[in-house]
Amino acid sequence: MKRTPVKVKPRTGSARNLLVIPAAALLASGCTSAPETNSAGQGEDRRLTAAATTPAQVRTDVEPLKRRFPQLGELSATKWVGRVLAKNSVPEIPGPTDVSLDGVAQVDPAMLTAITGSGTWREGSIGCGVPQEIAPEVGDTTVWLHSEAFDKSVTQTQYTGSFYFDKQTNRVYFCTVNPKERTS
């Protein structure tokens, strides 16, 4: 007995679209993250690559940082960069744009003592990548204090971010994605 192949008509219309929409949503929801902590308590830089292929402009203005990180008190002598984040230097899905803000700033010594005087702090390396534009300013990335509890108190789980303190030089290094301005 000879078998005759059965022709199957490809699906079109709403059933196919029902599969495409959730897949796109799944891809979009998993596209951004920032420094997270691994099982050893060290930060990991899981951010997407910056869309810009040219170096970012290094900024020295303090006001944008004060509005986003009031818990750090008065900041001075800052160098920071902001970048639009995208996968493979090309935004994949139209919509809100994710932005990283990374930098270093001087912290008032009394404020630094107050911040690092309570809670659980670990000495170690900066766990997120330092942009090459500010790497010379940051210097040694291996002896900084970090506290996940402090990170959460600043970000208030509204965005991702890590804050590292150098008590020897009274500096803070911050690496954040989509930091929100604070009204208080």
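Described below are features of the structure shown in this document. These numbers were taken from a predicted model, which means no experiment stands behind them.

Parameters and conventions
Residues numbered from 1 in each chain as written. Predicted model: local features only at pLDDT ≥ 70, side-chain atom pairs only at ≥ 80, totals over all residues. Heavy atoms only, no water. Helix = DSSP H or I, 4+ residues; strand = E, 2+ residues; numbered from the N terminus. Buried < 20%, exposed > 50% of the residue type's maximum accessible area, 1.4 Å probe, protein only. Lys, Arg positive; Asp, Glu negative; His and termini not counted. Salt bridge = Lys/Arg side-chain N within 4 Å of Asp/Glu carboxyl O. Polar contact = N/O pair within 3.5 Å; in protein donor to acceptor, adjacent residues only side chain to side chain. Contact = heavy atoms within 4.5 Å.

What follows deals with the side chain of Arg 182. Mapped onto the elements of the fold, Arg 182 is located in the segment after β8 (171–177). Despite its burial, Arg 182 remains without a salt bridge, the nearest opposite charge being carried by Glu 181 at 10 Å. Among the polar contacts listed, one links the side chain of Arg 182 to the backbone oxygen of Thr 155, at a separation of 3.2 Å. When near neighbours in sequence (up to four residues on either side) are disregarded, Arg 182 contacts Arg 67, Arg 68, Pro 70, Val 154, Thr 155, Gln 156, Gln 158 and Tyr 159.

Relative to the helices and strands, Asn 178 is located in the segment after β8. Sequence separation of Asn 178 and Thr 97 is 81 residues, and the distance between their C-alpha atoms is 8.8 Å. Setting aside chain neighbours within four positions, we find Asn 178 in contact with Thr 97, Asp 98, Val 99 and Tyr 159. Within polar-contact distance, the side chain of Asn 178 engages the side chain of Asp 98 at 2.6 Å.

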